[in-house]
Amino acid sequence: MSAAAKIIPAFDAQAARRDFAILAKPVYGKPLAYLDSGASAQKPAIVLETMKAFAETEYANVHRGVHYLSGAATDRYEAARRTVQKFLGAAAEDEIVFTKGGTEAINLVAYSYLMPLIQLGDEIVLSVMEHHSNIVPWHFLRERQGAVLRWVDVQEDGSLDIAALDAAITPKTKLVAITHMSNVLGTLTPLAEIVKRAHAKGVPVLADGAQGAVHEIVDVQALDIDFYAITGHKLYGPTGIGALFAKRAHLKTMRPFNGGGEMIREVTRERITYADPPARFEAGTPPIIESVGLAVALDYLSGFDRAAVKAHEHDLLSYAREGVRQLNWVRVIGDAPGKGAILSFEAEGMHAHDLATILDREGVAVRAGHHCAQVLMERFGVTSTSRASFALYNTRADVDAMLSGLHKAREILV
Amino acid sequence: MDNSLRELYQEVILDHSRHPRHYGVLEAATHKAEGYNPLCGDRVTVYLVLDGQGRVADIRFEGKGCAISQASASLMTDLLAGKTAAEAEQLMEGFLHIVKGETPSALPEDARDHMDVMSGLSAFPMRVKCATLAWHTYKNAVEEGAQ
């Protein structure tokens with residue numbers, strides 16, 4: 001670092017921990033070291049309390065009744081949409097579609113946007129580090145309509161090969177679908193550059209922001225990105241809700257996905273007409289209480305200095321990486337420069353599941369397995385890894401617990 | 001150290017996982033099946049030579065996965081070698097009870113002694129599937145894996 005090194009603002013993780021009651025609950029009599037927020041984050045009290053209070057005072061179905069509560073609930077639901085809009089930096093609230101999660105958001109793009117455009121032999125570009133939720137919907141289009149999946153490799157350190165990505169975009173490419181942040185490697189992709197290169201060839205870009213939106217400040221307008229998918233439960237919010245940002249111009253051309261109530265304008269025996277986006281894509285009763293929870297969660301996260309949170313998570317990442325580096329029997333997978341706060345590794349002579357079981361008894365929760373990223377596992381020649389993922393409420397004590405658990409596991413297993 | 005961990009990863013189990021018995025391909029297999037646990041990626045392939053009466057004349061396995069899944073497969077091959085279909089059925093049923101912490105009925109004493117090393121699993125319900133993978137694969141080989 002030069003003399004102009006940035007001053008990192010302080011972040012009080014200990015204070016934040018008090019917002020998460022579950023973190024104080026021992027596991028097997030040991031203090032909990034929850035290092036699995038990449039799978040799902042814990043929820044702060046304000047999220048849980050607000051959902052309860054909303055359900056107790058303002059709840060009814062939305063966009064339906066003329067009665068008082070329906071109006072109140074509709075106001076909260078639409079206010080939540082504006083919170084998501086602001087969180088993602090979208091130009092307009094009607095560019096935000098509520099979904100049941102990140103997976104549904106990506107599937108919505110696959111069914112409603114891309115499926116009608118795909119001709120036999122058309123190509124979809126994706127990276128080998130995608131989560132299955134950003135692979136399987138595209139495989140559907142391969143299986144059903146003869147689309148071709150073009151895979152972009154990552155380099156040995158896990159960083160995206162941008163030249164390879166550029167080269168993979170051909171006149172037949174209909175979409176680039178790429179993660180913002182790998183759930184296994186922690187790699188952050190240069191979204192702005194990817195969008196620039198794809199747009200230069202007239203190709204739209206979808207980003208899977210399930211991890212990225214948690215750790216990075218997202219500005220979909222600055223990125224000029226076409227689609228950005230998020231999920232609530234990784235953002236300290238409830239399960240059962242996520243959102244898709246899509247440019248208005250795309251939403252206007254997209255055909256409906258689910259059919260049912262709320263997404264129509266008029267239904268007769270002979271024909272139907274559809275509501276305008278985003279309602280067109282929100283058939284049925286939406287996750288109303290969850291939308292309120294999501295909005296509070298986003299406000300909670302935005303209430304911190306995000307740069308300070310990021311610096312804190314990076315401190316944990318470097319501390320953990322340094323810790324495992326000293327163990328010459330642990331191999332880190334994914335070391336891309338500037339990567340996000342996720343650490344995947346393999347320990348010699350130990351299968352990830354045996355390791356995770358032993359860590360668990362030490363109160364340390366890590367994820368073990370293929371992380372829904374089998375293409376990436378194959379790329380690195382492994383069947384599973386152990387993964388520690390860091391959140392704003394983690395501390396160096398959590399990392400210490402993991403490192404000491406690693407030693408215990410080696411004692412038992414090797 | 002947590003005693004349940006010591007019990008789960010006792011020396012016999014680790015020995016089976018490090019030095020699996022009956023490991024490898026059985027070219028002459030009359031029956032074969034592949035087992036796969038999509039949750040964790042554990043894989044086991046069971047090869048059998050069943051004689052005319054359905055007795056396990058020969059057995060081998062190949063696999064990749066956690067210590068529990070591989071030890072269980074190895075232990076299973078020890079137990080099943082030479083057994084009749086009825087005996088094998090009884091062993092499997094007994095095993096499925098033991099790993100869940102239940103008391104199996106009508107299990108020969110020597111088999112029960114062998115399987116006892118797996119009884120520690122009952123404290124780890126999340127891992128029971130690792131141990132049962134090989135047995136389900138065996139059953140699958142017998143029922144649907146004729147070569």
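1. Quick word on the interface of chain B and chain A
At step 1: Chain B puts 22 residues into the contact, and the matching count from chain A is 15 residues.
At step 2: Carbon and sulfur atoms make up 54% of the area that chain B and chain A hide from each other, which totals about 1,600 Å².
At step 3: The interface formed by chain B and chain A contains 2 salt bridges.
At step 4: Notably, a salt bridge pairs B:Arg127 with A:Asp354, separated by 2.9 Å at the nearest N-O pair.
At step 5: Our enumeration of links across chain B and chain A arrives at 10 residue pairs in polar contact (both at pLDDT 80 or more).

2. Topic: unusual backbone geometry
At step 1: Here the bond from A:Pro277 into A:Pro278 is cis, since omega is 5°, no more than 30 degrees from zero.
At step 2: Although it is not a glycine, A:Tyr236 sits at a positive phi angle of roughly 70°.
At step 3: Overall, A:Tyr236 belongs to the buried group, its relative accessible area being 1%.
At step 4: One non-glycine residue, B:His22, lies in the positive phi region at around 50°.
At step 5: One can find B:His22 in the loop between α2 (11–18) and β1 (31–37).
At step 6: The class for B:His22 is partly exposed, based on a relative accessible area of 31%.

3. Details of the domain arrangement of chain A
All names here are of chain A.
At step 1: We note that the domain assignment places domain 1 (13–38 + 305–413) and domain 2 (48–302) within chain A.
At step 2: Across the boundary between the two partners, domain 1 contributes 34 residues, which contact 34 residues of domain 2.
At step 3: In this assembly, domain 1 packs against domain 2 so that about 2,700 Å² is buried in total across both faces, 56% of it on carbon and sulfur atoms.
At step 4: When the area that domain 1 buries against domain 2 is broken down by residue, the three leading residues are Arg-306, Leu-376 and Arg-379, summing to 26%.
At step 5: For the pair domain 1 and domain 2, the number of links is 23 residue pairs in polar contact (both at pLDDT 80 or more).
At step 6: Elements with a contribution of two residues or more to the side of domain 1 that touches domain 2: α12 (306–325), β12 (342–347), α14 (374–379) and β15 (385–389).
At step 7: Of the residues forming the side of domain 1 that touches domain 2, the biggest block, 5 residues, is contributed by α14.
At step 8: Split into classes, the residues belonging to the side of domain 1 that touches domain 2 amount to 17 nonpolar, 9 polar and 8 charged.

Reading the values: rules and limits
- Residues numbered from 1 in each chain as written.
- Chains lettered and ligands numbered in written order.
- Predicted model: local features only at pLDDT ≥ 70, side-chain atom pairs only at ≥ 80, totals over all residues.
- Heavy atoms only, no water.
- Contact = heavy atoms within 4.5 Å.
- Buried area = accessible area lost by both parts, 1.4 Å probe.
- Salt bridge = Lys/Arg side-chain N within 4 Å of Asp/Glu carboxyl O.
- Polar contact = N/O pair within 3.5 Å; in protein donor to acceptor, adjacent residues only side chain to side chain.
- Buried < 20%, exposed > 50% of the residue type's maximum accessible area, 1.4 Å probe, protein only.
- Helix = DSSP H or I, 4+ residues; strand = E, 2+ residues; numbered from the N terminus.
- Domains from an automatic or database assignment.
- Nonpolar A, V, L, I, M, F, W, Y, C, P; charged D, E, K, R; others polar.

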